[in-house]
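Survey of secondary and tertiary structure
Residue strings, one per chain:
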Amino acid sequence: MKYFLISLILLTQLSCSKTDNQEAEKKQQYRKAVTELHHGLKSELVKGMKAGGPTAALAICNTKAPIIAAEISKKLNIEISRTSLKPRNPNNAPDEWETKVLQQFEQRLAKGEDPKTMEYIEQVKHQWRYMKAIPTAPVCLTCHGQNIKPEIVASIKTLYPDDKATGFKVGDLRGAFSITE
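Residues numbered from 1 in each chain as written. Predicted model: local features only at pLDDT ≥ 70, side-chain atom pairs only at ≥ 80, totals over all residues. Heavy atoms only, no water.

1. Remarks on the environment of I156
With respect to the helices and strands, I156 occurs in helix α4 (residues 150-159). For I156, a relative accessible area of 5% translates into the label buried. Between the C-alpha atom of I156 and that of H144, which follows or precedes it by 12 residues, the distance is 9.9 Å. (Helix = DSSP H or I, 4+ residues; strand = E, 2+ residues; numbered from the N terminus. Buried < 20%, exposed > 50% of the residue type's maximum accessible area, 1.4 Å probe, protein only.)

2. Describing the sheet that holds strand β4 (residues 173-180)
Strands sit in the order β1-β4-β3-β2 across an open sheet of 4 strands; the sheet is antiparallel. Where the open sheet ends on each side, the last strands, each with one partner, are β1 (79-83) and β2 (119-124). Adjacent strand axes in the sheet meet at a mean angle of 20° when their direction is disregarded. On top of the sheet, helix α2 (residues 96-110) reaches β1, β2, β3 (127-135) and β4; it is set at about 40° to β3, its chief contact. (Pairing = 2+ DSSP bridges. Axes fitted to C-alpha atoms, helices over the stretch in contact; angles between N-to-C directions. Contact = heavy atoms within 4.5 Å.)

3. Quick notes on α2
Taking 1.5 Å per residue, 15 residues should reach 21 Å; α2 reaches 21 Å between its end C-alpha atoms and fits that length. Regarding α2, the residues found buried are W97, E98, V101, L102 and F105. Down the axis, α2 shows its buried residues gathered within 130° of arc, on one side only. Of the exposed residues in α2, the ones pointing more than 90 degrees away from its buried face are E96, Q107 and A110. With a side-chain oxygen positioned 3.1 Å from the backbone nitrogen of W97, the residue opening α2 is D95. Remark: G112 follows α2 within two positions and exhibits a positive phi of approximately 100°. (Expected span 1.5 Å × (residues − 1). Arc of directions from axis to C-beta. Polar contact = N/O pair within 3.5 Å; in protein donor to acceptor, adjacent residues only side chain to side chain.)

4. Remarks on the nonpolar core
Soluble, globular proteins show a tendency: their nonpolar side chains are buried together. Counting residues in hydrophobic clusters, the biggest one holds 18 residues, and the most contacted among them are Y30, L37, I80 and I179. Mapped by element, the contributors of at least two residues to this core are α1 (2-76), β3 and β4. Of all the elements, α1 adds the most residues to this core, at 10 residues. Those residues in contact with Y30 that lie beyond four places of it in its chain are I78, I121, W128, Y130, I179 and E181. Among the nonpolar cores identified, the runner-up in size contains 9 residues, and V101, L102, F105 and M131 belong to it. (Core = buried A, V, L, I, M, F, W, Y, C linked by side-chain atoms within 4.5 Å.)

5. Things to note about α4
Here α4 has its buried residues at I152, S155 and I156. Down the axis of α4, the buried side of the element spans an arc of 100°, and every buried residue falls inside it. Exposed residues pointing more than 90 degrees away from the buried face of α4 are listed as P150, K157 and T158.

Quick look at the structure:
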């Protein structure tokens, strides 16, 4: 019986170690995917801003963001997207799990944690789920802030009639990148 218990304990430790290593590997993979999506979106938004200002950037974000996310998803065999408790696009509304994590991020922010470092990973059933917070930066306020120019508001209402993604301040939790594998 003694040897059985020792064997059981060792197997449990090995299993936990394997899971911890797998989680660390997944986290690294997901961080790279988030960086790729972030840079792809930022590049397109900068092009839009240079070409026609914030209203052009909004139109590009409306059309290009889903395409960039889909390309990365296909390439990496994951599903990557953005979500928020205050989504601009209703297609980006959080599911139950994402809502729970976003609420946890809000609680962590309220306790003083830097949103730039917030992330969460969990294996749910047989899927890995990962989220990385998106903090509100000064440039975000142009389209997501409290004092948005009327022409930008008009463009937002045209492209996103159900928009909830305004009223943010620098440092607020704008949303999160979300990955399912």
